[in-house]
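# Structural description and commentary
What follows is each chain in one-letter form.
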Amino acid sequence: MNSEEAVQLVQTSVKLRYPIEIAICNAHTTLTALDDPAFAATLQEMTLLNDGIGVDLASRFLNGKGFPDNLNGTDLVPAILSEIDLPLRIFLLGANETRVQLAKEHIERVYPRHQVVGARNGYFDMSDCDAVCTEINRAAPDLLLVGMGNPRQEYFIVQNRAHLDATVAIGVGALFDFMSGSVIRAPKMVQAAGLEWLFRLLQEPRRLFRRYVVGIPRFFAALVRLKYGKAEL
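Residues numbered from 1 in each chain as written. Predicted model: local features only at pLDDT ≥ 70, side-chain atom pairs only at ≥ 80, totals over all residues. Heavy atoms only, no water.

## A short note on helix α11 (residues 196–203)
So the rule is basically this: Using a 1.4 Å probe on the protein chains alone, a residue whose accessible area is under 20% of its type maximum counts as buried, one over 50% counts as exposed, and one in between counts as partly exposed. Helix and strand labels come from DSSP, where a helix needs a run of H or I of at least four residues and a strand needs a run of E of at least two; each type is numbered from the N terminus. The arc in question is traced by the directions running from the helix axis to the C-beta atoms. Throughout, a residue-residue contact means that at least one pair of heavy atoms, one from each residue, lies within 4.5 Å.
Among the residues of α11, Glu196, Arg200 and Leu201 are the ones counted as buried. Summarising the axial view, the buried residues of α11 lie within an arc of 140°, below the 170-degree limit, and thus occupy one face. Summarising the contacts, the buried residues of α11 are in contact with α9 (175–179), α10 (188–192) and α12 (205–227).

## Some words on the environment of isoleucine 216
Tracing the sequence through the fold places isoleucine 216 in helix α12. In sequence terms isoleucine 216 and leucine 31 are 185 residues apart; their C-alpha atoms lie 8.9 Å from each other. If sequence neighbours within four positions are ignored, isoleucine 216 has contacts with Trp197 and Arg211.

## Describing the packing of helix α1 (residues 3–16) against helix α5 (residues 73–83)
So the rule is basically this: To get an axis, fit a line to the C-alpha atoms, keeping to the stretch in contact for a helix; angles then go from 0 to 180 degrees between the N-to-C directions. Put simply, a crossing is left-handed when the front helix is turned counterclockwise from the back one by less than a right angle, and right-handed when it is turned clockwise.
Where α1 meets α5, the closest approach of the two axes is 10 Å, and the angle between their N-to-C directions is 65°. Here α1 runs over α5; the crossing is right-handed. Each of Ser3, Ala6, Val7, Val10 and Gln11 in α1 lies in contact with α5, whose residues at this interface are Leu76, Ala79, Ile80 and Glu83.

## A closer look at the sheet that holds strand β6 (residues 168–171)
Our working rule: Two strands form a pair only when DSSP identifies at least two bridges running between them.
What the six strands build is an open sheet, ordered β2-β1-β6-β5-β3-β4; its pairing is parallel. Where the open sheet ends on each side, the last strands, each with one partner, are β2 (47–50) and β4 (115–120). Each adjacent strand pair in this sheet contributes to an overall mean axis angle of 20°, direction not counted. Sheet topology places strand β5 (residues 143–147) next to β6; four bridges connect them, and they run parallel. By the bridge assignment for β6, leucine 143 is matched with valine 168.

## Structural notes on the packing of helix α4 (residues 53–63) against α12
Heads up, the condition is: For classification purposes, angles smaller than 35 degrees are called roughly parallel, those larger than 145 roughly antiparallel, those between 65 and 115 roughly perpendicular, and all remaining angles oblique. The residue classification treats Ala, Val, Leu, Ile, Met, Phe, Trp, Tyr, Cys and Pro as nonpolar and Asp, Glu, Lys and Arg as charged. All others, Gly included, are polar.
Two elements in contact, α4 and α12, have axes whose closest approach is 11 Å; the angle formed by their N-to-C orientations is 20°. The angle between α4 and α12 places the two elements in the roughly parallel class. For the pair α4 and α12, the sense of crossing is right-handed. Contacts between α4 and α12 involve Gly54, Val55, Leu57, Ala58, Phe61 and Leu62 on the former and, on the latter, Phe219, Phe220, Leu223, Val224, Leu226 and Lys227. Its residues assigned to classes, the contact of α4 with α12 comprises 10 nonpolar, one polar and one charged.

## A word on the pairing of β6
Within a regular strand, side chains alternate between the sheet's two faces. Under the convention used in this document: Handedness of a crossover: with both strands directed away from the viewer, a clockwise path from the first strand across the helix to the second marks it as right-handed.
Here β6 shows no split at all, with Val168 and Ile170 on one side and Ala169 and Gly171 on the other all buried. Two strands pair when backbone bridges link them, and strand β1 (residues 20–25) and β6 are joined in this way by four bridges, in the parallel orientation. Counterpart to glutamate 21 in the pairing with β6 is alanine 169. As for the winding sense of the linkage, the β-α-β connection from β5 through helix α8 (residues 152–160) to β6 is right-handed.

## Some remarks on α5
For α5, the tally of buried residues reaches eight of 11 residues, placing the bulk of the element in the interior. Buried within α5 we find Gly73, Thr74, Leu76, Val77, Pro78, Ala79, Ile80 and Leu81.

## Things to note about a nonpolar patch on the surface
The criterion, for reference: Within this analysis, patches are made of residues with over 30% relative accessible area and no salt bridge. Like charges are joined at 9 Å or less; nonpolar side chains (Val, Leu, Ile, Met, Phe, Trp, Tyr) at 5 Å or less. The accessible surface values rely on the Shrake-Rupley method and a 1.4 Å probe; as for residues, cover is taken only from the protein chains in view. The term salt bridge refers to a pairing of a side-chain nitrogen on Lys or Arg with a carboxyl oxygen on Asp or Glu at a separation within 4 Å.
On the surface, a nonpolar cluster with roughly 360 Å² of combined accessible area is contributed by Phe61, Leu62, Val224 and Tyr228. With respect to the helices and strands, the residue phenylalanine 61 is situated in helix α4. With a relative accessible area of 31%, phenylalanine 61 lands in the partly exposed category.

## A closer look at the packing of aromatic side chains
Heads up, the condition is: Any two rings among Phe, Tyr and Trp, with Trp reduced to its six-membered ring, count as a pair given centres within 6.5 Å; such a pair is stacked if its planes are under 30 degrees apart, edge-to-face if over 60, and tilted if neither. Two thresholds decide whether a charge sits over a ring: the Lys NZ or Arg CZ must be within 6 Å of the ring centre and within 35 degrees of the ring normal.
What the rule picks out here adds up to three aromatic pairs. Considering the side-chain rings of phenylalanine 124 and phenylalanine 156, the 5.9 Å spacing of their centres and the 70° angle between planes classify their relative orientation as edge-to-face. Placement of the pair is phenylalanine 124 in the loop between β4 and α7 (129–139) and phenylalanine 156 in helix α8, with a sequence separation of 32 residues. Of the two residues, phenylalanine 124 and phenylalanine 156, neither departs from the other in class, the shared state being buried. Arginine 152 extends its terminal NZ or CZ atom over the ring of phenylalanine 124, reaching a point 4.8 Å from the ring centre. The ring of phenylalanine 61 carries the charged tip of lysine 227 above its face, separated from the ring centre by 5.2 Å.

## Details of the nonpolar core
Applicable threshold: The term nonpolar core refers to a set of buried residues drawn from Ala, Val, Leu, Ile, Met, Phe, Trp, Tyr and Cys, joined through side-chain atoms within 4.5 Å.
Formed by 34 residues in total, the largest nonpolar core has its most connected members in Leu81, Leu88, Leu92, Leu145, Ile170 and Phe176. Every residue in contact with leucine 88, bar those within four places of it in the chain, is listed here: Val14, Ile80, Leu81, His114, Gln115, Asp142 and Leu143. One finds Ala23, Cys129, Val146 and Ala169 within the second-largest nonpolar core, a separate group that totals 23 residues.

Geometric values such as these leave the question of function open.
Have a look at this one:
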């Protein structure tokens, strides 16, 4: 779907109180699922949206056509907040305490018609999920944004969905880092060229070396195996 259709999906879900869980999948997410059947099974429980040039090239290679839009969370969530035609109650879960609070302030300043009803850092043990779910449910959000990285955020959403009252839950990766101003987005020209991954690698080479320098060749090697029947999803 394109960006407008993705916004409409969220809007319809909130209006009808029909729960959905969204995972935004880039090449790293897909490669992690290829390596980990449990994560692949988790993603199959969610609505999947495409993120980045890697999965677009993969779709062209495997299916002969790409995606209508790049639905990365850093652009999609602002589009939802700008374009949706009803006010939302929003809960932020993820990042460290400073960054999630700065992201909360950003949303309150830039999108004042929505209400951020709660914000909590993502540094908790998964054995404490019941307490985290209770905190979220007390706030009664329409939209739960979970920024804890792959695969942790998707595991949290799917494994706790039966205990969460939020209508829409989206795994948003590094969104709070960008919203807080802690991480700088690539210039528009770099984004348009499909090189935002390189910009991020240059910003955080030690953290992202394995994801990009090792992961990208592995991802495309996996696609070749899939294309020619030597591996299965």
